[in-house]
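The chain contents come next:
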Amino acid sequence: MAKGGGERGQLLPVSADDGKGNGGGGAGDDAALFKGSAMTRRGAIAALSYMACSVLLVMFNKAALSSYNFPCANVITLLQMVCSTCLLYVLRRLKIISFTNSDPSVPSDSLFFVPFRILLRTTPLSLAYLLYMLASMESVRGVNVPMYTTLRRTTVVFTMTMEYFLAKQKHTPPIIGSVALIVFGAFVAGARDLSFDARGYAIVFVANITTAVYLATINRIGKSSGLNSFGLMWCNGLVCGPCVLFLTYIQGDLRRAIEFPYLYSPGFQAVLLFSCTLAFLLNYTIFWNTILNSALTQSMCGNLKDFFTVGIGWVLFGGLPFDLLNVIGQGLGFLGSGLYAYCKIKGK
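What counts and what doesn't
- Residues numbered from 1 in each chain as written.
- Predicted model: local features only at pLDDT ≥ 70, side-chain atom pairs only at ≥ 80, totals over all residues.
- Heavy atoms only, no water.
- Helix = DSSP H or I, 4+ residues; strand = E, 2+ residues; numbered from the N terminus.
- Contact = heavy atoms within 4.5 Å.
- Areas by Shrake-Rupley, 256 points an atom, 1.4 Å probe, with all protein chains shown as cover.
- Core = buried A, V, L, I, M, F, W, Y, C linked by side-chain atoms within 4.5 Å.
- Buried < 20%, exposed > 50% of the residue type's maximum accessible area, 1.4 Å probe, protein only.
- Salt bridge = Lys/Arg side-chain N within 4 Å of Asp/Glu carboxyl O.
- pLDDT = per-residue confidence, 0-100.
- Axes fitted to C-alpha atoms, helices over the stretch in contact; angles between N-to-C directions.
- Parallel < 35°, antiparallel > 145°, perpendicular 65-115°, else oblique.
- Left-handed = near helix turned anticlockwise from the far one by under 90°.
- Patch = residues over 30% accessible without salt bridge, like charges linked within 9 Å, V, L, I, M, F, W, Y side chains within 5 Å.
- UniProt positions renumbered as here; feature names shortened; annotations may be inferred.

Participant: Please explain the overall build of the protein as it appears in this structure.
Facilitator: Along the protein, the regular secondary structure elements total 15 helices and zero strands. A separation of at least 24 residues holds for 82% of the contacts in the protein among residues at least 6 apart in sequence. For the protein, the accessible surface area stands at approximately 15,300 Å², while carbon and sulfur atoms represent 70% of it.

And the structure:
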């Protein structure tokens, strides 16, 4: 397939290079957010898009696992992967999207739309994605929404560590200070969590580690593979889909899902549909935001969107009584996230 019209005029931005000359969005999108800003307009749009998708996905996943008491988190993960992969296949077959950055050295005529050597090169990213998906989905079940978002904020520490070891990236004192403030706020907020669950907390921290590895791997492999955001998502689906299917089969999750009493409930099916749709959009915006900005910026966006996640989760699902210490801790976390955003935008 030569570079057809569908690949020349992409409707969606898919890489850091879009908008620099071939129909991505124009030079205006690559301009600074404002004079002196280190973040571009496209970077800001990517960050905001990620935050919106993330908040909504947490709500729908929580509704499926807690409100409906669906016992099989891995089945939801499998459904999200299958839906994303099928949608990517249809869009690519119709030439609405491309999987590459229009690099002539990366042909797209192979059986899987990407060369097998590229598929092998992205395997570490796919395995990191698999661990990230499984741990993140299970972590939502173990703790209430406010404490989930509080504990997930500590991901930034793991992300900074992974960026240092994988990319030798160092950060300025203001950035380090903002991260320290976030972590301190998380511990203050969790000091009086009466619903403390050691297993639930442990799974959240495992999810934090896998998230950090995943984001750092995106930054390392995503820019060197020749694939855009859709291409990376496609490779993830090809590698991880069979693994999750096998896992759900041997654990008996598929049988339990079929026997679930609310399986044919319109409300539950609507929740699953929105969950699968938002998972696709979230994965896309994660790649887009991480490649345009950085892995640490992606983690910080996760902290900033927590303001809405905590508020909505508190109203819809409860689980954590109002406590002044918790409010102070949440405020410190948001203050640290805001400080990082200020430093990033100002280029410090």
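Participant: Can you walk me through the nonpolar core in this structure?
Facilitator: Most often, soluble globular proteins keep nonpolar side chains buried together rather than apart. Ranked by size, the top nonpolar core spans 47 residues in total, and within it Leu88, Phe99, Tyr214, Ile218, Phe230 and Ile286 carry the most contacts. In terms of residue count, the dominant contributor to this core is helix 12 (residues 266-292) (ten residues).

Participant: In this structure, what is going on with unusual backbone geometry? I would like to understand it.
Facilitator: Most of the time, phi is negative for any residue but glycine, and the peptide bond is trans. A positive phi angle, close to 55 degrees, is found at Asn69, a residue other than glycine. Structurally, Asn69 is set in the loop between helix 2 (41-67) and helix 3 (73-93).

Participant: What exactly am I supposed to notice about the pattern of salt bridges here?
Facilitator: A side chain of one charge can pair with a side chain of the opposite charge when the charged atoms of the two come close. What the rule picks out here adds up to two salt bridges. The partner of Glu259 in a salt bridge is Arg255, and the shortest N-O contact between them spans 3.5 Å. On the basis of relative accessible area, Glu259 is assigned to the exposed category, the value being 53%.

Participant: I tried to follow the confidence of the model for the protein on my own but got confused; where do I start?
Facilitator: Low pLDDT marks stretches whose predicted atomic positions should not be read closely. Overall, the predicted model of the protein reaches an average pLDDT of 75, with 71% of residues at or above 70. Within the model, the stretch residues 19-27 combines pLDDT values under 50 with twelve contacts to residues more than four positions away or in other chains.

Participant: What exactly am I supposed to notice about the packing of helix 3 against helix 12 here?
Facilitator: Geometry of a packed helix pair, given as the angle between the helix axes and the separation of the axes. In the contact formed by helix 3 and helix 12, the axes pass within 9 Å of each other and the chain directions differ by 60 degrees. The angle between helix 3 and helix 12 places the two elements in the oblique class. Our pair here, helix 3 against helix 12, has a crossing hand that is right-handed. Contacts between helix 3 and helix 12 pair Ile76, Leu79, Gln80, Cys83, Ser84, Leu87 and Leu88 from the former with Leu272, Ser275, Cys276, Ala279 and Phe280 from the latter.

Participant: What exactly am I supposed to notice about a nonpolar patch on the surface here?
Facilitator: There is a patch of nonpolar side chains on the surface, built from Tyr89, Val90, Leu94 and Ile96 and spanning about 350 Å² of accessible area. Along the chain, Ile96 turns up in the loop between helix 3 and helix 4 (116-121).

Participant: Just to check I follow, could you spell out the UniProt feature "transmembrane region" (unreviewed entry) in the protein for this structure?
Facilitator: Following the UniProt record, the feature "transmembrane region" (unreviewed entry) maps to residues 43-60, 72-91, 111-132, 175-192, 198-218, 230-250, 270-292 and 304-321 here. Helix makes up 100% of residues 43-60 and strand 0%, with an end-to-end C-alpha separation of 26 Å. As annotated, residues 230-250 comprises 100% helix and 0% strand, and the C-alpha atoms at either end are separated by 30 Å.

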